[in-house]
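This is what each chain is made of:
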Amino acid sequence: MVDAKNLSMKYDKGKSLALENVSFSIDRGEFAFFVGSSGAGKSSLMKLIIREEKPHSGTLRVFGRDVSRLPKHRLPYLRRNIGMVFQDFRLMEERTVYDNVAFAMTVIGSSRREIRRRVPHVLGLVGLKDKARAKITDLSGGEQQRVGLARAIANRPAMIIADEPTGNLDPGTALDIMNLLRSINLRGTTVLVATHNREIVDRFKKRVLYLENGRLVGDEQKGIYSHVH
Amino acid sequence: MSRKGFIRMFINGLIYILGETFKGLYRNRWMCITSTGVVVVTLLMLGLFMLVNFNVTHITETVKDQVEIIVYIDENADRETREELRQKLAEHREVATINYVSSEEHMNRLKRQLGGMLEGYDTSLENPLLATYEITTVEPEAVVSLSDEFRDYPGVSDVFYGQGYVENLFTVTRVVQIIGLALMAGLSITAVFLISHTIKLTVMMRKREITIMKYVGATNWFIRWPFILEGLLMGFVGALVPLAIIYYIYEMAISWVVANELMFLSLLPSQWVITELAKYLVPLGTALGILGSSFSMGRFLRV
């Protein structure tokens, strides 16, 4: 599903190295953590997968296609197959919970009937069915991240990419969100989580890829943060 | 994708874009009102200036049209010479109209102008006034060179065209026109700058929305259309409002001129003025609205 070979990436016109010679492969239906301290290259890797950035060298295949060679007009179609979850939620605060989720479906051209059917369903999956009409600003941080998750799965993506999804949440709420991601994964969706939350990684015992200064220094099935480190 | 699927997606897209346009305008109403306000004020300034410029040009053109050459016919010229002179003048391609005024007619005019002052003057005595041809030219600016030309014609005693005054009039009108054009160009550039920047600000306020759209897989055109339509509406309304204001102000100005019997101020008809202004302001406002919003979106779409 994601196949990286000798990936290198530079910022500031090649002055600072974000990733160096990174190679890994993620299979369909897998759950993997990308761990490492701030600046290790986790977010850069996520950006490469959704083609927000291009690698400096190496190849990255997502859903079998070399994303760095993907023409610009095909990008939206790649992203429709990837649900994104962000640390800062990135919701439209002046809109309701329902509208935020419906928005993701509307922009890809789903019919109104489909939206009316699907949005309550995904809100039910994340436990927010009763808050459909609530404004984002009236929700807690955990609830806002649930809206982010609902939005990410609304279009039935093949893969979810979560960049520090628990970074702004208290430990209990963070665990709830991770449990939701696990249940999404159990339904067959590939889940990639970039995090430096040691407790969460150790608790879930999933595949762990450890990044340090832009290099992949460890890759362990059912790993724990400290083992890999 | 099947044809039916494509049509369904197209209709859904269209409903979405129109819906988003009006929702966007409502959601960001204060910003949109501000942007439209800037368009209104800028185009109102430009429109008012154009209105003044149109009328100044019109008045000066009217004055210029009244400039004529008076060719004094030599009193010793015989009938044949006079006829040849008339023919030569009438056939000249720079001459628009030619009007013969006999010496008797000149005397009558003088009497009318001076009123009772000529009372007692024996008009049966020899009339000292010369018969003339009053000539208007195709191009008012040609009077100077034509006068010089006509002076050499046989049967011409003298030529008069308001020497000194005419040259000054032409200089003044030329200066007025140049200043007018320069100010209009300056104001247009200011309008372009102000409007596109204000709309850019409106788009920047919605940066987050655009970025989210990109992440969930919206195509650039799908994102652009509502913004472009919003820009178009803001620009269009922003151009209509100044037109209405200018129409109202201009009607008041015309009424004032009529009420004060200032008929020498030959103002252009309001219908014509508004139509001319609409030809400039509506496309300018609309185009600026569209360009302002689509250009300012560019960098947010690169996510």
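Residues numbered from 1 in each chain as written. Chains lettered and ligands numbered in written order. Predicted model: local features only at pLDDT ≥ 70, side-chain atom pairs only at ≥ 80, totals over all residues.

1. Some words on the overall build of chain B
Quick reminder of the rule: Secondary structure follows DSSP: runs of H or I at least 4 residues long count as helices, runs of E at least 2 residues long count as strands, and numbering of each begins at the N terminus. We call two residues in contact when their backbone-placed C-beta atoms lie within 7 Å.
What chain B contains, in helices and strands, is nine helices and four strands. Put simply, chain B runs from its N terminus to its C terminus through helices and strands in the order α-α-β-α-β-α-β-α-β-α-α-α-α. Counting only contacts in chain B whose residues sit at least 6 apart along the sequence, the fraction spanning at least 24 positions is 87%.

2. A few points about the overall build of chain A
In plain terms, the rule: Counting other C-beta atoms within 10 Å of a residue's C-beta gives its exposure: the residue is buried at 20 or more, exposed at 12 or fewer, and partly exposed in between, where C-beta atoms are placed from the backbone.
If you tally the helices and strands in chain A, you get eight helices and 10 strands. Residues counted as buried form 45% of the 229 residues belonging to chain A. Within chain A, contacts between residues separated by at least 24 positions form 66% of all contacts whose residues are at least 6 apart in sequence.

3. Focus on the sheet that holds strand 1 (residues 2-11) of chain A
All names here are of chain A. Here is the rule we go by: By definition, two strands form a pair when at least two bridges between them are found by DSSP. To get an axis, fit a line to the C-alpha atoms, keeping to the stretch in contact for a helix; angles then go from 0 to 180 degrees between the N-to-C directions.
Reading across from one edge, 2-1-4-5 is the order of the four strands in this open sheet, with antiparallel pairing throughout. Bordering the open sheet on either side are strand 2 (16-26) and strand 5 (65-66), each of which pairs with just one other strand. One ladder, built from seven bridges, connects strand 1 with strand 2; its direction is antiparallel. What sits directly across from Asp3, in strand 2, is Ser25. Strands in contact with helix 1 (residues 42-49) are strand 1, strand 2 and strand 4 (57-62); relative to strand 1, the strand with the most contacts, it is inclined by about 115°.

4. So, helix 9 (residues 270-297) of chain B
Applicable threshold: One fewer than the residue count of a helix, multiplied by 1.5 Å, yields its expected span. Here the bend at a residue means the angle between the axes of two seven-residue stretches, the one that ends at it and the one that starts at it.
The end-to-end C-alpha distance of helix 9 of chain B is 39 Å, a good match for the 40 Å that 28 residues give at a rise of 1.5 Å each. Along helix 9 of chain B, the sharpest kink reaches roughly 30°, centred on Ala278 of chain B.

5. Structural notes on the interface of chain B and chain A
Note the following rule: Residue classes follow a fixed rule: Ala, Val, Leu, Ile, Met, Phe, Trp, Tyr, Cys and Pro count as nonpolar, while Asp, Glu, Lys and Arg count as charged, and any other residue, Gly among them, counts as polar.
The interface of chain B with chain A comprises 17 residues on the first partner and 15 residues on the second. Of all elements in the fold, only helix 1 (3-27) and helix 7 (207-215) of chain B reach the threshold of two or more residues within the side of chain B that touches chain A. At six residues, the largest contribution of residues to the side of chain B that touches chain A is made by helix 1 of chain B. Residue composition of the side of chain B that touches chain A, by class: nine nonpolar, four polar and four charged.

6. Some thoughts on the environment of Leu201 of chain B
Residues and elements named next belong to chain B. As for its position among the elements, Leu201 is in helix 6 (residues 165-205). For Leu201, a count of 15 C-beta atoms within 10 Å gives the class partly exposed. A sequence separation of 91 residues divides Leu201 from Gly292, and the C-alpha atoms of the two residues are 9.6 Å apart.

7. Some points on the nonpolar core
All names here are of chain A. Inclusion rule: Any nonpolar core is a set of buried residues, restricted to Ala, Val, Leu, Ile, Met, Phe, Trp, Tyr and Cys, that join up through C-beta atoms within 7 Å.
Formed by 84 residues in total, the largest nonpolar core has its most connected members in Phe34, Val101, Ala150, Ile160, Ile161 and Leu181. The element contributing the most residues to this core is helix 3 (residues 97-106), with seven residues. Not counting chain neighbours up to four residues away, the residues in contact with Ala150 comprise Val101, Val122, Leu123, Val126 and Leu128.

8. Some words on the packing of helix 4 (residues 112-125) of chain A against helix 5 (residues 141-154) of chain A
Helix-helix packing is described using two parameters, namely the angle between the two axes and the distance between the axes. Residues and elements named next belong to chain A. Heads up, the rule is: Roughly parallel means an angle under 35 degrees; roughly antiparallel, over 145; roughly perpendicular, 65 to 115; everything else is oblique. A clockwise turn of the near helix away from the far one marks a right-handed crossing, whereas an anticlockwise turn of less than a right angle marks a left-handed crossing.
Remark: helix 4 packs on helix 5, axes separated minimally by 9 Å, with the N-to-C direction vectors making an angle of 135°. Considering their axes alone, helix 4 and helix 5 lie oblique with respect to each other. In this structure, helix 4 meets helix 5 at a crossing whose hand is right-handed. Between helix 4 and helix 5, the residues in contact are Arg118, Val119, Val122 and Leu123 and Ala150, Ile153 and Ala154, respectively. Among the residues making up the contact of helix 4 with helix 5, the classes are represented as six nonpolar, no polar and one charged.

9. Topic: the confidence of the model for chain B
Residues and elements named next belong to chain B. As a reminder, the rule being used: pLDDT is defined as a per-residue confidence score from the predictor, taking values between 0 and 100.
Model confidence for chain B is summarised by a mean pLDDT of 82, while 93% of its residues fall at 70 or above. No element of chain B has a lower mean pLDDT than helix 1, which averages 75, and none a higher one than strand 1 (residues 68-73), which averages 89. Listed scores for the predicted complex are pTM 0.67 and ipTM 0.85.

10. Here's the deal with the sheet that holds strand 6 (residues 82-86) of chain A
All names here are of chain A. Here six strands make up an open sheet; going across it, the order is 6-7-8-3-9-10 and the pairing mixed. Of all strands in the sheet, those bounded by a partner on one side alone are strand 6 and strand 10 (215-220). Across the sheet, the mean angle separating the axes of adjacent strands is 15° when strand polarity is ignored. As paired elements, strand 7 (residues 159-163) and strand 8 (residues 190-195) share five bridges and run parallel to each other.

11. Comments concerning helix 8 (residues 220-259) of chain B
Over its 40 residues, helix 8 of chain B extends 58 Å from the first C-alpha to the last, a length consistent with the 58 Å expected when each residue adds 1.5 Å. Downstream of helix 8 of chain B by one or two residues, Glu261 of chain B has phi in the positive range, about 50°.

12. With respect to unusual backbone geometry
Residues and elements named next belong to chain A. Of note, Asn6 is a non-glycine position whose phi angle comes to about 50°, a positive value. Tracing the sequence through the fold places Asn6 in strand 1. Taking the number of C-beta atoms within 10 Å as the measure of exposure, Asn6 has 14 and is therefore partly exposed. The phi dihedral of Phe63 is positive, around 50°, even though this residue is not glycine.

13. Re the pairing of strand 6 of chain A
All names here are of chain A. The buried count for strand 6 comes to five of five residues, which makes it a mostly enclosed element. Examined bridge by bridge, strand 6 and strand 7 share five bridges and lie parallel to one another. By the bridge assignment, Met84 is partnered in strand 7 with Ile161.

14. So, the pairing of strand 10 of chain A
Residues and elements named next belong to chain A. In this structure, strand 9 (residues 207-212) lies alongside strand 10, joined through five bridges in antiparallel fashion. In the sheet register, Tyr210 faces strand 10, and the bridge partner there is Gly218. Between strand 9 and strand 10, which pair antiparallel and follow one another directly, the connecting turn spans two residues, one of which, Asn213, has a positive phi of 50°.

15. Here we look at the packing of helix 5 of chain A against helix 6 (residues 171-186) of chain A
Residues and elements named next belong to chain A. Look at helix 5 against helix 6: their axes get within 10 Å of each other, and the N-to-C directions meet at 15°. Taken together, the axes of helix 5 and helix 6 lie roughly parallel to each other. Between helix 5 and helix 6 lies a crossing of right-handed hand. Residues Gly141, Gly142, Gln145, Leu149 and Ile153 of helix 5 form the contact with helix 6, whose own contacting residues are Thr173, Asp176, Ile177, Leu180 and Ile184. Partitioned by chemical class, the residues of the contact of helix 5 with helix 6 number five nonpolar, four polar and one charged.

16. Overview of the environment of Pro154 of chain B
Residue and element names in this part refer to chain B. Within the secondary structure layout, Pro154 lies in the loop between helix 5 (143-151) and strand 4 (156-160). Residue Pro154 is classed as exposed on the basis of its C-beta count, with 11 C-beta atoms lying within 10 Å. When the C-alpha atoms of Pro154 and Leu85 are compared, they prove to be 7.0 Å apart, with 69 residues separating the residues in sequence. When residues no more than four places from it in sequence are discounted, the contact partners of Pro154 are Thr81 and Leu85.

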